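# Descriptive structure summary
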Amino acid sequence: MHSKGKGWRGAEVVPRWAPWALFPTLGIVLFASFIFSDAMLVGTDTLAGGYHARALYADAIKELGRLPRWQPEALGGTPYIEALSAGDALYPPSLLLLLFTETYRSLGWKLILHVVAAGFFMFGWSRALGVSRSAALVSGVGYMLAPVMVSLVYGGQDGKLFVTALAPLLFLCTERHFLRPKLSSFTGIALVVAAVILTPHFQLAYFLFGATGAFAIFRTVRLLRRTTTRDGENSDTTRGLSGARGRRALGRFGLFLLASVVGAVIAGGQLIPAVDHVAEFSRRTATSGELAGEGGEAWSSSWSLHPEEVLSLVIPQFVGNSVDGSAAWAAGTYWGRNPFKLNSEYAGLVLILLAAVSFAGGARRGTRWFFGGLAGVVLLFALGAHTPVWRIAYEVVPGIRLFRAPSTAMFLFAFSVATLAALGVDRLRGSRPEVSTSGKPEGVLLWGAAILGVLALLASVGRLTSTWTTVFGIDEGRQAALVGAVPHITAGAWLAFVLAVVLAILAWAYRTSRLGPTVLFVALVALVATDALRVDRIFVQTMDFHEWAAPDANIRAVVERERGNEEPYRMLSLRRAGQDLHPALSGIELAAGHHPNDLARYRELIGMAGSGLPLNLIQSGQIRALLNVRYILWPDLAMGRSPAGSVVSRTQTPDGRTLESVFEDAGLPRARLVGSAVLKTDEEAVSYMLSPDFDPEREVVLAEPAPLELHGGPVGGDVKWLERGPDRLRLEVFSERPALLAVSDNWYPAWKARVNGESVPVMRAYHTLRAVPVPAGRGEVEMYYESRLLGWSFRLGIAVLLALLFANGVQFWRARSKRSSA
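In this report, the structure presented in the accompanying data block is examined. Keep in mind the model is a prediction, meaning the values are calculated, not measured.

Rules used in this analysis
- Residues numbered from 1 in each chain as written.
- Predicted model: local features only at pLDDT ≥ 70, side-chain atom pairs only at ≥ 80, totals over all residues.
- Heavy atoms only, no water.
- Salt bridge = Lys/Arg side-chain N within 4 Å of Asp/Glu carboxyl O.
- Helix = DSSP H or I, 4+ residues; strand = E, 2+ residues; numbered from the N terminus.
- Buried < 20%, exposed > 50% of the residue type's maximum accessible area, 1.4 Å probe, protein only.
- Pairing = 2+ DSSP bridges.
- Axes fitted to C-alpha atoms, helices over the stretch in contact; angles between N-to-C directions.
- 1 Å grid on protein atoms, 1.4 Å probe; cavity = no way out; pocket = protein on both sides within 12 Å on 5 of 7 lines; lining within 4 Å.
- Points joined across faces, edges and corners; volume = space filled by probe spheres on them.
- Patch = residues over 30% accessible without salt bridge, like charges linked within 9 Å, V, L, I, M, F, W, Y side chains within 5 Å.
- Areas by Shrake-Rupley, 256 points an atom, 1.4 Å probe, with all protein chains shown as cover.
- Lys, Arg positive; Asp, Glu negative; His and termini not counted.
- Charge placed at Lys NZ, Arg CZ, Asp CG, Glu CD.
- Nonpolar A, V, L, I, M, F, W, Y, C, P; charged D, E, K, R; others polar.
- Contact = heavy atoms within 4.5 Å.

Moving on: the pattern of salt bridges. Going through the model one piece at a time under the given rule, you end up with 37 salt bridges. Residue Arg-730 pairs with Glu-780 through a salt bridge whose shortest N-O separation is 3.2 Å. Taken together, the positions of Arg-730 in strand 14 (residues 728–735) and Glu-780 in strand 20 (residues 777–785) put the pair 50 residues apart, joining distant regions of the chain. By relative accessible area, Arg-730 is classed as partly exposed at 22%. Residue class for Glu-780 comes out partly exposed when judged on its relative accessible area of 33%. Three or more residues joined by partner-sharing salt bridges are found here, namely Glu-723, Arg-728, Arg-730, Arg-754, Glu-780 and Glu-782.

Written out as structure tokens, the structure reads:
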């Protein structure tokens, strides 16, 4: 077990309360425009669908008094939990904020709280490594403000930000476990693993678990080597001690694995159903199955870093960005090879230089090399197909083929750099001659400043970008963006040089006793914060929520037209290429929309690939009728002349041009009686329904024979809605003869049905919708969502969590009783 560092020249200069003052203050400075207003944080994913999903989820919870099971508002309906429809719906901090604050404010507060928490977690992790309080504070400030995390705010990528914030906490719990395994450290690992899974960004969770597992192996090997070194004698007693210590080392690793499994079981209510959904029903299944060979490699390596973006790790202006309404250097200046860029991989130049200082002698050599190696491997992996590291992982490591965007792993690069920076700061504090004679850390900083000075000179004469494009090539479109970015690149290169020079001067002044330890600490915190905040500020923007959320004239016209009508209906909105979810905020269900894990069969029915248009919905009146589409919202200005039809409403631009139009369409009722069926395989069903032979009003397309005899022809009767909840429907049905009740909502195996109290099968109809057999006469049909997999995985997770908490409570009570008796 190592001891805590004593700080600068053997004594701490930072009080214990400093983290509690510093980290929240920096959070307030960074997010002041949100905290001291009623605004909403801008997040591109939030505006595209994140807010809608959370708002509908929060409303459903308040209405039902429980977690909803089904989201009916878009794409024919999707499961809430299994398909991660509300994202972090089960993540405790997010759920509590949704319940007790306005949804649009909760989406901002959860990001702010995690950014601040990241500082505390990084501080705790650094202290666990034995560094001084001062060094841990510098590291914590650098990590919580690292643009690689803060820039996720502008993208509205909360799951990524949560995992990034939790990374040092998981490493902290792991380190404490290997130092002294206790039930509390075991519980800490399990709870953090569960929290990471519930975020629920499975890709970043996968990367984090892999890195933490590698660290656990590293700690186990270190313990085994220490055993071998200490017990290298040959006596029987010594060999026995060595064997016992070796077993303890392996035992700690085994307990680490067990704690990780326990954490996964605690989060099983989210993890197990989600894995089953993605593997069997999600559109991602179709994507993964269709991609193979070079196509699969191209998909998995898409959105990777490219060589030009590596230099942005020290000069953030180098590759530019695509952030609207931001500083000039980041607005439309991206000239890299990805379609656009709305984030940053910048970890902080000052942190990188301090990390380099850690290798100028100093303690914890093995730890330094582990995290240096981790940073290097992550960077090479993030470069995707540009390096063999990603290719080897793609071929060898299970699960990598399911993910794209290798650059998302860069949060581990920032974490490694911040860890090394903490060690580097302590190396600086020990650099005075009376403390150490093992080298001059300012020499490393001077070399860094010299290299950055050369880059700045090359940028000033245009040689930096010209040489780069000559070596790596550039197309005409990117060249135009680069021309506009050149002045900003030059300014950024000189600013990087200045930061490096200032850091070198601080190190030299401290080493030569011209600067006291307190002043040095304050200067380092200020330098690290300034370096990060100059980039962070472009990614923290606010907007007027109420203005954004208000329905326009077209939506108001539809809502007013349907007022008092109890029959459900859908709209086909073609805004944002059919990905629009905004009308759902006004209670309008959508035939298209956006969802990361929507049902693959529904996408096949509407002809939507990726983020493209739902072509079958646009081109086939039969498909629209089948899906209960009564309105079409057509963006005239974006898509050209609107189709013929009865106009309900139109909006115009200030200069009088038609902006958008709403047309009436002939959608069939959501629930209707049908008297005939035709059998088609999954391969045949969609093409048949697009053919002239298909009549959605008179026949049901089934994959399996109906469980009752149908006589064909129209069926006399009526259907009346009694109840329409997110996961429960009740209808009163009168049918002159046995028939199928077709419901134009998505089928899922968890949907069950009862007719007059007796269970009946819910059949998959029209490739992806539902049908229920009903007898002749009048009766009541009830459909309800009940997933056994979801139920038992939740119950098992809660039982394991309660058992773990009970065991900790018993241990705490026993320890307290023992202290009292002593």
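From this point on, the discussion continues.
Another aspect to go through is the sheet that holds strand 14. Strand order across the open sheet formed by five strands is 13-14-20-16-17, with antiparallel pairing between neighbours. Every other strand in the sheet has two partners, leaving strand 13 (717–724) and strand 17 (758–760) as the edge strands with one partner each. Here the strands of the sheet are splayed against their neighbours by 25° on average, with no regard to which way each runs. Note that strand 13 and strand 14 share seven bridges and pair antiparallel. Bridge assignment links Arg-724 to a residue of strand 14, and that residue is Leu-729.

Okay, empty space enclosed by the protein next. Going through the model one piece at a time under the given rule, you end up with four cavities of 30 Å³ or more. What the largest cavity holds in volume is close to 80 Å³. Lining the largest cavity are 15 residues, with Ser-312, Pro-316, Lys-341, Ser-344 and Glu-345 sitting closest to its centre.

Right, let's get into unusual backbone geometry. Pro-200 follows Thr-199 through a cis peptide bond whose omega is -10°. One non-glycine residue, Leu-84, lies in the positive phi region at around 55°. Looking at the secondary structure, you find Leu-84 in the loop between strand 3 (78–79) and helix 4 (92–100). Although it is not a glycine, Ser-513 adopts a positive phi angle of roughly 65°. Within the fold, Ser-513 resides in the loop between helix 23 (476–511) and helix 24 (517–536).

Moving on, we get to a negative patch on the surface. On the surface, Asp-38, Glu-102, Asp-544 and Glu-547 cluster together to form a negatively charged patch. Residue position: Asp-38 is located in the loop between helix 2 (32–35) and strand 1 (40–41).

The next thing to look at is the layout of surface pockets. Over the atoms, a rolling probe the size of a water molecule traces out where space has been left empty. Estimates place the volume of the second largest pocket at around 960 Å³. Looking at the second largest pocket, it is lined by 43 residues, and the ones nearest its centre are Glu-73, Gly-587, Ile-588, Glu-589 and Arg-724. Among the secondary structure elements, those contributing two or more residues to the lining of the second largest pocket are helix 3 (44–64), helix 5 (103–128), helix 25 (545–549) and strand 13. For the lining of the second largest pocket, the leading source of residues is helix 3, giving seven residues. Residue composition of the lining of the second largest pocket, by class: 22 nonpolar, seven polar and 14 charged.

We now examine the environment of Ala-48. With respect to the helices and strands, Ala-48 occurs in helix 3. Counting along the chain gives 672 residues from Ala-48 to Lys-720, while the straight-line C-alpha distance between them is 35 Å. When near neighbours in sequence (up to four residues on either side) are disregarded, Ala-48 contacts Arg-576, Gln-579 and Leu-581.

Just geometry here; none of it tells us what the structure is for.
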